Amino acid sequence: MGLLLLVSACGKSSSTSSPSPVGNGDGTPASQGRVFVIKPTASATTDMVAAMVQALPGDVIEFDCGYFELASALQLTNTEDVKVRGCGRDRTVLSFKTSTTPEGILAVNVRGLTVQDLTVLDTGGNGIELRSVDHGTIQRVRAIWSSGGGRASATPINAGNYAQRLQVPCTDPATQNPDVATNALGDIRSPDYTVSRLSGRYGIYPVASENILIDDAESIGASDAGIYVGQTNTAIIRNSRAAYNVFGFEIENVRGGEYAHNLAECNTGGFLIYDLDNLRQYGDRSRMYGNVARMNNTYNFTSGGIVGNVPSGSGMITLSYDQIDIFDNEFSHNNTAGIIHTSYEIFPAGAGRPAENRIDWYTEGLHIWNNRFVDNGNHLPLPTPQDLIAQDVAKFLPAIVGLKTQAACLLPQNLATCLAVGPISFRGAHILWDGLLDTYHANCAYPRDANGEPVPADARGKPLYTNEVPDPGCQYNAYKFDTQASGAPRIKPDWFSCIDNDNQFSGDSLAFSNFHGTKGLELIVSSQLDPAALLQFPASLDRSPHDCQAQYGRTLTPLPPVVIPPFVRSGDYDPAPAAALVERLCSATVAAGQINAEAARVNCPTLDQYHLFDDEQDPTSLPRGNGVPYSLNTKLFSDYSVKYRVAYLPPGTKAVYQDSTTNGVNATLVFPVGTIIAKTFSFADERSGTETPVETRLLIKRVNSRNVARWDGLPYIWGTDTATGRRVARLSMGGGSASVAWDHTDVDSGLHHTGSSASYGIPHANQCLSCHSSEDAEAGAAPIGPKVRFLNRPYAPESRRATGQSRHPVAGQNQIAWWCGAGLIAGCPAELGVDMRQIAAKLERIPTFNKPGDAGFAANSPQDIEARARAWLEVNCQHCHNVRGFAASTGFYLDSKRPVDISYGICKRPTATGQEGSGGRTYDIHPGNVADSIMAFRIGPDAKVPAARMPPIARSVVDEEGSALIQQWIGTVVTADESRYPGSTSCTQ
């Protein structure tokens, strides 16, 4: 088997060069931070990766002026006070057209990040993405996709034309979809820009973060939202522009948001403030002032998610979000409405309406004052024949508004009002309201958390739900009503909305229309006739109930400004160790059979300097010191590699026992400081009886100068030293890729696998943190494999080949029992119940996914298939898809301990994925329908691009056994049965 290392961009201790720090460039001494200058040359990607994996407090990664072709994302993880800058967003262009990673710039678990003065171009996914970032500032940047499809554009932005193509005006958006045959002669082209669903999803995308400032930014062409902040506490978006996105600006599930002095033009919708269900928090309190929403009439070109329901021509939409101030803005020339105030009640069950009861469907505490409205609602977009055939209520909502408003204009009391704005016609209004509000749910008790304790409430009595709170059986809403008064009236104006008289409405449009949702259309929408609702078919044009001063003697009190506190360094990150210290520790002589434990403090240039293995050229040989090999019941798939795992605890120390019952689903054994965990990836060739190691990854638990512990991940790539001919693994903080081949028999299933890949990926150090970092784990790249339920098995290698590790004393013994008996774990349970199979019956356990019957049920019974499918999903996906992980913001979690309900993907629509990510499918898991299940698509052979493939790191081919099992589970086991799969009937109605 041949192995060709294709890329190796290395860090400070690596064998290749990295960009040299040249001082700070601002007069401050170099000791306060380094500046890594990246030039627009062929080595730009290598230089960028080398800089980013070294980034420490005070460092700057600076891109020179020019056009850059970058083959991977700029990713920063677990650091603080780092700046990424160019020399101006019109002069520094970072193109990711050929990148193998979805994002352009990605920051995860970073404190104090600034990105400024550059353009991010043609990413496969999001432009600039911040996850779990505290104090993130994005200034004077642009995210843009080439007109006509981003990467797929026939006329792309490139090095020769970017000076002209980056400037995109808004003069005449295309209002009709050119892909619909009946629109062939319609308004399907714009002279400025051609939108496409092939563009990435989000331009600027901070999520699950806090203290975010976006200032003087621009996004062009995103197939979801241009500038977005979601599930974040304290966020300000100001002085920015969004054009030709589906939504220009989006605030989702944010607590404390502010839109100030922004321009949204030529999008499908201008501004959105809303809550989405099944996420880690629900939002409230946003201020919107000094903005302009004009001509947001581009047809909706997204391919999935809630934004797919947005009608074109929407200046601003609010949905299911409390306490919004909208003042001093201008809404003009938006075809459907200036402001749409709506609720989830308008969506039919199974078509956008939330299936869980934690979310409040209605926006209340909305205050609209001193805004200017001009020419809104006068050109409602009509549904296509396909929309009508599909009975897609969201797509023909503008037509419903038009019919209901026209019906209102035919009523005598409204005739003068309607004629004053022109002939009676099919129109919207400056402000549209669906008129839907909940009534008091008298029999719904106050909700409780998983421990039976009352859920915390805000000062107004509203429960503060998170997605860790079990879904209550009803929607508690007593806080909105005076329950002591007769009839329990709604508390107004607090739980209503106010439209003050100082708003300026131009006479060319109706000022206000309450269109009563789909009332009067029940026979069409739900096939049920409601004679009483027919009276609400005509809209109401009466705005007086929202004149709060006149109606209730007061209007809503303005919300206080959003203030971001000053950033202060934590001090948890030390400077890089001196080269002399690294040399001294890594070159130390150690006693025979012992490891170089002192060297664990630093990153040694080569793996052999740690002296981990008896044969320094063979990482499958017997571990030195007290190293113990271990294996997992179900293993992470990595292109059919064979893995060898070894844990080294410092002499005289013990790990601490933890399991999911007591410590949560992410709990692993807790290892002492100084622990080294080594994992080697090899590829077997059974015909020749050989295995070739490609990489060895180390996780080392260290403490900093403040005695704060963290795990550091170090990737080592194996090669042959040309001078000595010996095999050696060199530190490659920048990761790499390799050409690999395999020909081996799986030790669990007995199936024989052969194949090859020219692009086996070796993650760089920061990518390791994407999987190994979560909020409830130890800092850094914490271990994820050594969980009790994963280790509850007899030790056996993944290979049939005899090695030093296969002859270790733990071989054939239950691993937890052996570790406990060897004094390597403290706090072991008194009784493990180890049986003849060396399974500890009294400890938790997941089965081996490709061994039918291993779950303890009859082989290939529904229970067995489900248990094994969940084991595969937990090991391959849950490290990100958990409430504290990288994908926490999706609301889609895959631990084997939770019910298989909407949080597990049952009838759950995706939060933030488009055509590429969903494959055109509707739900994460559609019971009994593999072809409409996104999960099956993303792990299968049709997910060919980085934005679609899951897991996104460390695999380039499909796990055929895993994919087949998931398809079997979804297609034959998961059914529309509320007792087994709560929420499962919501997408089959």
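Structural data are supplied above this passage.
To keep things clear, this report deals only with the structure shown in the data block. (Residues numbered from 1 in each chain as written. Predicted model: local features only at pLDDT ≥ 70, side-chain atom pairs only at ≥ 80, totals over all residues. Heavy atoms only, no water.)

1. Comments concerning the overall build of the protein chain
Now for step 1: Of the regular secondary structure elements, the protein chain holds 16 helices and 41 strands.
Now for step 2: Taken over the C-alpha trace, the protein chain has a radius of gyration of 29 Å; the compact-globule value for 989 residues is 30 Å, and the two agree within 12%.
Now for step 3: For the protein chain, the spread of C-alpha atoms along the three principal axes comes to 100 × 65 × 50 Å.
Now for step 4: In the protein chain, which comprises 989 residues, the share counted as buried stands at 61%.
Now for step 5: In the protein chain, 65% of the contacts between residues at least 6 apart in sequence involve partners at least 24 apart.
Now for step 6: Here the protein chain has roughly 35500 Å² of accessible surface; of this, 52% comes from carbon and sulfur atoms. (Helix = DSSP H or I, 4+ residues; strand = E, 2+ residues; numbered from the N terminus. Rg over C-alpha atoms; globule rule 2.2 N^0.38 Å. Buried < 20%, exposed > 50% of the residue type's maximum accessible area, 1.4 Å probe, protein only. Contact = heavy atoms within 4.5 Å. Areas by Shrake-Rupley, 256 points an atom, 1.4 Å probe, with all protein chains shown as cover.)

2. Describing unusual backbone geometry
Now for step 1: Each neighbour pair has its own omega, and for lysine 492 with proline 493 the value is 5°, a cis peptide bond.
Now for step 2: Within the secondary structure layout, proline 493 lies in the loop between strand 28 (429-433) and strand 29 (497-499).
Now for step 3: In this model, arginine 140 sits at a positive phi of 50°, which is unusual for a non-glycine residue.
Now for step 4: With respect to the helices and strands, arginine 140 occurs in strand 9 (residues 134-144).
Now for step 5: One non-glycine residue with positive phi stands out, namely cysteine 907, at about 55°.
Now for step 6: Of note, cysteine 907 is situated in the loop between helix 13 (862-877) and helix 14 (915-918).

3. Focus on the packing of helix 13 against helix 16 (residues 960-972)
Axis angle and axis distance: for two packed helices, these are the angle between their axes and the distance between the axes, and together they describe the pair.
Now for step 1: With their axes 9 Å apart at the nearest point, helix 13 and helix 16 run at an angle of 130° to one another. Taken together, helix 13 and helix 16 sit at an angle that is classed as oblique. Pair helix 13 / helix 16 crosses with left-handed handedness. Together, Ile865, Glu866, Arg868, Ala869, Trp872 and Leu873 of helix 13 and Gly962, Leu965, Ile966, Gln968 and Trp969 of helix 16 make up the contact between the two elements. (Axes fitted to C-alpha atoms, helices over the stretch in contact; angles between N-to-C directions. Parallel < 35°, antiparallel > 145°, perpendicular 65-115°, else oblique. Left-handed = near helix turned anticlockwise from the far one by under 90°.)

4. Section: the packing of aromatic side chains
Now for step 1: Tallied over the entire structure, the rule returns 30 aromatic pairs.
Now for step 2: Taking 4.8 Å as the distance between ring centres and 85° as the angle between the ring planes, the aromatic pair formed by phenylalanine 637 and tyrosine 640 counts as edge-to-face.
Now for step 3: Assessed through its relative accessible area of 9%, tyrosine 640 is described here as buried.
Now for step 4: Geometrically, the ring pair formed by phenylalanine 671 and tryptophan 819 is edge-to-face, given 6.4 Å between the ring centres and 70° between the ring planes. Placement of the pair is phenylalanine 671 in the loop between helix 9 (660-663) and strand 35 (676-685) and tryptophan 819 in helix 12 (residues 815-821), with a sequence separation of 148 residues. For the pair phenylalanine 671 and tryptophan 819, one class covers both residues: buried.
Now for step 5: Through successive ring pairs, a cluster of aromatic residues spans Phe637, Tyr640, Phe683, Trp742 and Tyr760. (Phe/Tyr/Trp six-rings, centres within 6.5 Å; stacked < 30°, edge-to-face > 60°.)

5. Side note on the environment of asparagine 477
Now for step 1: Considering the arrangement of structural elements, one finds asparagine 477 in the loop between strand 28 and strand 29.
Now for step 2: The class for asparagine 477 is buried, based on a relative accessible area of 1%.
Now for step 3: The spacing of asparagine 477 and tyrosine 446 is 31 residues in sequence and 8.7 Å in space, taken between C-alpha atoms.
Now for step 4: Other than its neighbours up to four places away in sequence, asparagine 477 contacts Asp438, Thr439, Tyr440 and His441.
Now for step 5: Side chain to side chain, asparagine 477 and aspartate 438 meet in a polar contact 3.0 Å long. (Polar contact = N/O pair within 3.5 Å; in protein donor to acceptor, adjacent residues only side chain to side chain.)

6. A look at the environment of serine 540
Now for step 1: In this structure, serine 540 sits in the loop between helix 6 (522-525) and helix 7 (548-552).
Now for step 2: When its relative accessible area of 24% is taken as the criterion, serine 540 is described as partly exposed.
Now for step 3: Here the alpha-carbon distance between serine 540 and serine 513, two residues 27 residues apart in the chain, equals 5.7 Å.
Now for step 4: Excluding anything up to four places from it in sequence, serine 540 contacts Phe512, Ser513, Asn514 and His516.

7. As for the environment of threonine 77
Now for step 1: Checked against the element boundaries, threonine 77 lands in strand 5 (residues 74-85).
Now for step 2: Given the relative accessible area of 5%, threonine 77 is considered buried.
Now for step 3: Sequence separation between threonine 77 and alanine 107 is 30 residues, and the spatial gap between their C-alpha atoms is 5.7 Å.
Now for step 4: A distance of 3.5 Å separates polar atoms of two side chains, one belonging to threonine 77 and the other to glutamine 75.

8. Observations concerning the pairing of strand 3 (residues 60-63)
Now for step 1: As paired elements, strand 2 (residues 35-38) and strand 3 share four bridges and run parallel to each other. Counted as the bridge partner of valine 35 is valine 60 from strand 3.
Now for step 2: Following the backbone out of strand 2, through helix 1 (residues 44-52) and into the adjacent parallel strand 3, one traces a crossover that is right-handed. (Pairing = 2+ DSSP bridges. Right-handed = clockwise from strand over helix to strand, strands pointing away.)

9. Description of the state of the cysteines
Now for step 1: On inspection of all chains with the given rule, the structure shows eight disulfides.
Now for step 2: Here cysteine 65 connects covalently by a disulfide to cysteine 87, the sulfurs 1.9 Å from one another. Pair noted here: cysteine 65 is in the loop between strand 3 and strand 4 (66-69) and cysteine 87 is in the loop between strand 5 and strand 6 (92-95), with a separation of 22 residues, a long-range link.
Now for step 3: Owing to a relative accessible area of 29%, cysteine 65 belongs among the partly exposed residues under this scheme.
Now for step 4: The disulfide partner of cysteine 586 is cysteine 604, and the gap between their sulfur atoms is 2.1 Å. Where cysteine 586 bonds to cysteine 604 through sulfur, the torsion about that S-S bond is close to -95°, and the disulfide is left-handed. (Disulfide = S-S within 2.5 Å.)

Distances and angles like these do not, on their own, reveal function.
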